[in-house]
Amino acid sequence: IGKHTPMIFHLPQEIQNRAAALSEFLKRTVSGFETFTASIGIKDYDQSEWTYLHKDGHSLRVSLALNKLQDEDGTLLGYIGLAVDVTEKCLAQKKLAAAYAQVDEVLECTSDSVMTLSHDWTMLYGNSNAMKLPGFKVGANYWSSFPAQLSSQAEQCLRSAMTDRKEVHYESYYSPDERWYRVQAYPTAEGLSIFFSDITEDKKLQAQLASEQALRNVRIEALSNMAGGLAHEISNPLAIIHARASNLSDLAASGNTVSSDEVLKNCDSILKTAVRATTILRGLRGFGREAGKDPFEPASIYEIV
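Since the model is a prediction, treat every value here as computed from it, not as a measurement.

This part takes up the overall build of the protein. For the protein, the count of helices and strands is ten helices and eight strands. By its C-alpha atoms, the protein is 150 × 45 × 35 Å across when sized along the principal axes. Sorting the 305 residues of the protein into buried and exposed places 26% on the buried side. Per element, the accessible surface of the protein, about 20,700 Å² overall, is 57% carbon and sulfur. Charge-centre separation for the protein: the mean point of 30 positive side chains lies 2 Å from the mean point of 38 negative side chains.

One pass over the structure, following the stated rule, counts eleven salt bridges. Among the ionic pairs, Glu-34 bridges to Arg-28, the shortest N-O distance being 2.8 Å. What makes Glu-34 partly exposed here is its relative accessible area of 27%. A salt bridge links Glu-212 to Arg-216, with the nearest nitrogen and oxygen atoms 3.9 Å apart. Of the two residues, Glu-212 and Arg-216 are both situated in helix α8 (residues 200-254); the distance of four residues between them amounts to about one turn of the helix.

What follows deals with α8. Given a rise of 1.5 Å per residue, 55 residues ought to cover 81 Å, and the 77 Å separating the end C-alpha atoms of α8 matches this to within 8%. A maximum bend of about 50° is found in α8 at Ala-227. Directly after α8, the chain includes Gly-255, whose backbone phi takes a positive value near 80°.

What follows concerns the environment of Val-84. As for its position among the elements, Val-84 is in strand β3 (residues 76-85). A residue is classified by how much of its surface remains accessible, and Val-84, at 43% relative accessible area, is partly exposed. Expressed as a C-alpha distance, the spacing of Val-84 and Thr-273, which sit 189 residues apart in the sequence, is 108 Å. Ignoring sequence-local partners within four residues, the contact set of Val-84 consists of Arg-61, Val-62 and Ser-63.

To continue, consider helix α1 (residues 12-26). An ideal rise of 1.5 Å per residue puts 21 Å on 15 residues; α1 measures up with 21 Å between its terminal C-alpha atoms. Turning to α1, its buried residues number three or more, namely Glu-14, Ile-15, Arg-18, Ala-19, Leu-22 and Ser-23. Taken down its axis, α1 places every buried residue within 160° of arc, on the same side. Opposite the buried face of α1, by more than 90 degrees, sit the exposed residues Gln-16 and Glu-24. Structurally, α1 contributes buried residues whose contacts are with α2 (34-37), β1 (45-53) and β2 (59-70). Positive backbone phi, approximately 60°, marks Lys-27, located one or two places after α1.

Attention now goes to the nonpolar core. Ranked by size, the top nonpolar core spans 23 residues in total, and within it Met-115, Tyr-142, Leu-158 and Ile-194 carry the most contacts. Among the elements of the structure, β4 (113-118), α6 (142-145), α7 (153-164), β6 (168-174), β7 (179-187) and β8 (191-198) are those that each provide at least two residues to this core. In terms of residue count, α7 provides more of this core than any other element does, five residues in total. Apart from the residues lying within four places of it in its own chain, the contact partners of Leu-158 are Trp-121, Tyr-142, Trp-143, Gln-149, Tyr-170, Ala-185, Leu-192 and Ile-194.

Throughout the structure, instances matching the rule amount to eleven aromatic pairs. Between the aromatic rings of Tyr-142 and Phe-146, the centroid separation amounts to 5.1 Å while the plane-to-plane angle is 45°, which identifies the pairing as tilted. Residue Phe-146 is classed as buried on the basis of its relative accessible area of 4%. A centroid spacing of 5.9 Å and a plane angle of 85° characterise the contact between Tyr-186 and Phe-195, whose relative ring orientation is edge-to-face. The exposure class of Phe-195 is partly exposed, given its relative accessible area of 21%. Ring pairing ties together the aromatic residues Trp-121, Tyr-142, Trp-143, Phe-146 and Tyr-174, which thus form one cluster. For the cation-ring pair, Lys-203 lies above Trp-180, with the distance from its terminal atom to the ring centre recorded as 4.5 Å.

What counts, and at which threshold
Residues numbered from 1 in each chain as written. Predicted model: local features only at pLDDT ≥ 70, side-chain atom pairs only at ≥ 80, totals over all residues. Heavy atoms only, no water. Helix = DSSP H or I, 4+ residues; strand = E, 2+ residues; numbered from the N terminus. Buried < 20%, exposed > 50% of the residue type's maximum accessible area, 1.4 Å probe, protein only. Areas by Shrake-Rupley, 256 points an atom, 1.4 Å probe, with all protein chains shown as cover. Lys, Arg positive; Asp, Glu negative; His and termini not counted. Charge placed at Lys NZ, Arg CZ, Asp CG, Glu CD. Salt bridge = Lys/Arg side-chain N within 4 Å of Asp/Glu carboxyl O. Expected span 1.5 Å × (residues − 1). Bend = angle between axes of the 7 residues up to and from the residue. Contact = heavy atoms within 4.5 Å. Arc of directions from axis to C-beta. Core = buried A, V, L, I, M, F, W, Y, C linked by side-chain atoms within 4.5 Å. Phe/Tyr/Trp six-rings, centres within 6.5 Å; stacked < 30°, edge-to-face > 60°. Lys NZ or Arg CZ within 6 Å of the ring centre and 35° of its normal.

Put into structure tokens, the structure is as follows:
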């Protein structure tokens, strides 16, 4: 006391940086002890953070409040400073900032759109995917930004999550951008955290699979209805083939000379009937297979009929 200026236990680099900033702001040179007091003339007091150097060599972070000391006539007598050790607070803030940065990094890596809402439905945060949502804006009201969700299942679920403090899961179609979303909402201290997954392509695939399954069911039902008719259509040619083959067998078993015309007549009937049965079976096989990717070709309706 009485021997040194407080500058002795400050970091010289911090003093230099502060003096340079004040000199630029005030448009004049600021140096020495004035580095601490120049701001008081601007706002009657100064509140800044500094690094103090201890006699044993270690340092600590302080929040220094500096004000004038004046007599009744307003004559400046000196200054009074109150320094509060905020070292632990600064460390905690750094850890918290690092934790937030890590969380942000994770949320930026996810394919989901993530946003957080306050209890009054103000949007507080959104990752890069959420930023792409039409209407999203930090600080805006959620329902004003996404009015299409009002009076829908989405509104009921989100209000239930906010009021009852329970997580909800649901799927929702958002008409303005014609997309389907799978939504998960979780209560937080601030309000809600909401995760949106775009499942539009999944929905299209599900619809396609359902359509294909319905078509298969129709084909199976049609085949079942056709079974009786097909049984007749196939059994008739088989009966003819059986009869002609029996004729040939009987002729061969009789031991008599058989004319070639008789043999050719029976064989021709067998061949024609076999072709008829083969055509029926080929058509059945074509009807039952998946033909969705077959090329389209021009065809005469008269020939088909």
